[in-house]
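Coordinates in review
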Amino acid sequence: MFYRLFKCVALVPLLRWLFRPRIEGLAHVPAAGGAIVAGNHQSFCDQFLLGVTLRRRINFLAKMEYFTGKGLRGRLAAAFFRGIGAIPVDRSGNGAGRAGVESGLAVLRGGGLLGIFPEGTRSHDGRLYKGRVGVAAMALRTGAPVVPCAIIGTFEAQPAGRRVPSIVPLTLRFGEPLDFSRYAGMQDQRAALRAVTDEIMYAILVLSGQEYVDQYAVDAKAEAHTKTLAEQAAAPRTH
């Protein structure tokens with residue numbers, strides 16, 4: 001109830017008025033039954049735009065920190081994220097990936113729509129990075145179709161670190177559902193998981209037109225940060 005009220009009364013009018021996103025291929029998203037929408041991830045606002053675009057409720061996996069804040073602000077933040085369909089996942093420790101998969105499986109087995117950003121974190125430079133295999137594990141274990149999605153323009157609107165988004169043209173482009181039934185029974189084979197994930201990322205790449213980097217986003221981000229620190233240390237000091 002809170003989700004529908006918040007979406008229809010507050011979130012949808014606000015975001016549509018601000019960004020006026022162009023929507024393409026919305027009919028590719030199944031009207032019912034368990035399905036995965038897998039998209040590129042360039043901005044904090046990506047999940048909100050998907051939420052206001054789709055007619056169905058969509059659930060996202062979100063880091064536990066969004067739900068454990070202190071005081072009134074923390075409680076309001078937790079209520080907000082639950083209201084938009086976010087599911088808390090503890091990403092600390094060695095079992096983080098497994099916890100996320102199990103949470104996603106519960107949504108799909110219940111006939112729900114699950115939103116996933118296979119890159120695992122936001123792109124720091126607007127390029128598309130290598131996908132994590134959790135999306136493949138969920139697709140193969142449930143038989144759910146995967147709808148590739150390209151979110152275009154949100155990196156320019158609100159890249160990581162920018163609090164207030166700029167108003168720029170946005171496009172959400174959905175591709176035809178991908179069926180991986182040919183991999184039935186191979187959900188525990190690493191090679192199959194990698195092949196399925198790469199196929200999903202290629203479909204996103206075709207839709208988005210981004211430059212692709214065959215490296216995990218978190219590793220590329222760490223390398224970029226290290227390079228920046230080294231350049232700052234090497235720069236001549238002015239007094």
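Above this text sits the structure in question.
The structure reproduced in this document is the subject of the present report. Counting restarts for each chain, with residues numbered from 1 along the sequence as it is written. In keeping with the model being predicted, local features are shown solely for residues with a pLDDT of at least 70 and side-chain atom pairs are shown and tallied solely at 80 or more, while totals for entire chains, interfaces and linings include all residues. Calculation of side-chain values draws on the structure's entire complement of heavy atoms; hydrogens and water are dropped beforehand.

Observations concerning the overall build of the protein
Each helix is a run of DSSP H or I of at least 4 residues and each strand a run of E of at least 2, with the numbering of both proceeding from the N terminus. Looking only at helices and strands, the protein features eight helices and nine strands. Residues are treated as being in contact if the distance between any of their heavy atoms lies within 4.5 Å. Residue pairs in contact within the protein that sit at least 24 positions apart in sequence constitute 79% of those at least 6 positions apart. Only the protein chains shown count as cover for residues, with accessible areas throughout obtained via the Shrake-Rupley method and a probe of 1.4 Å. When the accessible surface of the protein is summed, it comes to about 12800 Å², and 56% of that surface belongs to carbon and sulfur atoms.

Considering the pairing of strand E7 (residues 146-152)
Burial within E7 is extensive, with six of its seven residues counted as buried. Pairing geometry for strand E2 (residues 35-39) and E7, over four bridges, is parallel. By the bridge assignment for E7, Gly-39 is matched with Cys-149. Note that E7 and strand E8 (residues 171-174) share four bridges and pair antiparallel. Each residue of the ladder has a partner; that of Ile-151, found in E8, is Leu-172. Classification of residues uses two cut-offs on accessible area relative to the type maximum, computed with a 1.4 Å probe and protein chains only: under 20% is buried, over 50% is exposed, and between them is partly exposed. Here, any two strands with at least 2 DSSP bridges between them count as paired.

Structural notes on the side chain of Asn-40
Within the fold, Asn-40 resides in the loop between E2 and helix H2 (46-53). N or O atoms within 3.5 Å of each other form a polar contact, as long as, within protein, one can give a hydrogen and the other can take it, and as long as residues adjacent in sequence are counted only when both atoms are side-chain atoms. In this structure the side chain of Asn-40 is engaged in a polar contact, spanning 2.7 Å, whose partner is the backbone nitrogen of Ile-151.

Observations concerning helix H3 (residues 71-83)
The span one expects for a helix is its residue count, reduced by one, times 1.5 Å. The end-to-end C-alpha distance of H3 is 18 Å, a good match for the 18 Å that 13 residues give at a rise of 1.5 Å each. Within the span of H3, buried status applies to Gly-74, Ala-78, Phe-81 and Gly-83. Downstream of H3 by one or two residues, Gly-85 has phi in the positive range, about 90°.

A short note on the pattern of salt bridges
Side chains bearing opposite charge may pair, as long as their charged atoms lie close to each other. Each reported salt bridge corresponds to a side-chain nitrogen of Lys or Arg within 4 Å of a carboxyl oxygen of Asp or Glu. What the rule picks out here adds up to seven salt bridges. A salt bridge links Glu-24 to Arg-22; its shortest N-O distance comes to 3.0 Å. Asp-198 serves as the salt-bridge partner of Arg-194, at 3.1 Å between the closest nitrogen and oxygen. Taken together, the positions of Arg-194 and Asp-198, both in helix H7 (residues 190-208) and four residues apart, correspond to about one turn of that helix. The partly exposed category is assigned to Asp-198, whose relative accessible area is 34%. Taken together, the shared-partner salt bridges in this structure form one network comprising Arg-22, Glu-24 and Arg-173.

As for the pairing of strand E5 (residues 113-116)
The alternating pattern of E5 places Leu-113 and Gly-115 on one face and Leu-114 and Ile-116 on the opposite face, and all of these are buried. Bridging between E2 and E5 involves four bridges; their strand directions are parallel. Paired with Ala-38 across the bridge in E5 is Ile-116. Relative to E5, strand E3 (residues 58-63) runs parallel, the two sharing three bridges.

What about the side chain of Arg-56?
Mapped onto the elements, Arg-56 comes out in the loop between H2 and E3. It is Asp-179 that comes nearest to the buried, bridge-free Arg-56 among opposite-charge side chains, at 15 Å. Here Gly-33 takes part through its backbone oxygen, which lies 3.0 Å from a polar atom of the side chain of Arg-56. At a separation of 3.1 Å, a polar atom in the side chain of Arg-56 contacts the main-chain carbonyl oxygen of Gly-111. None of His or the chain ends enter the tally, which takes Lys and Arg as positive and Asp and Glu as negative.

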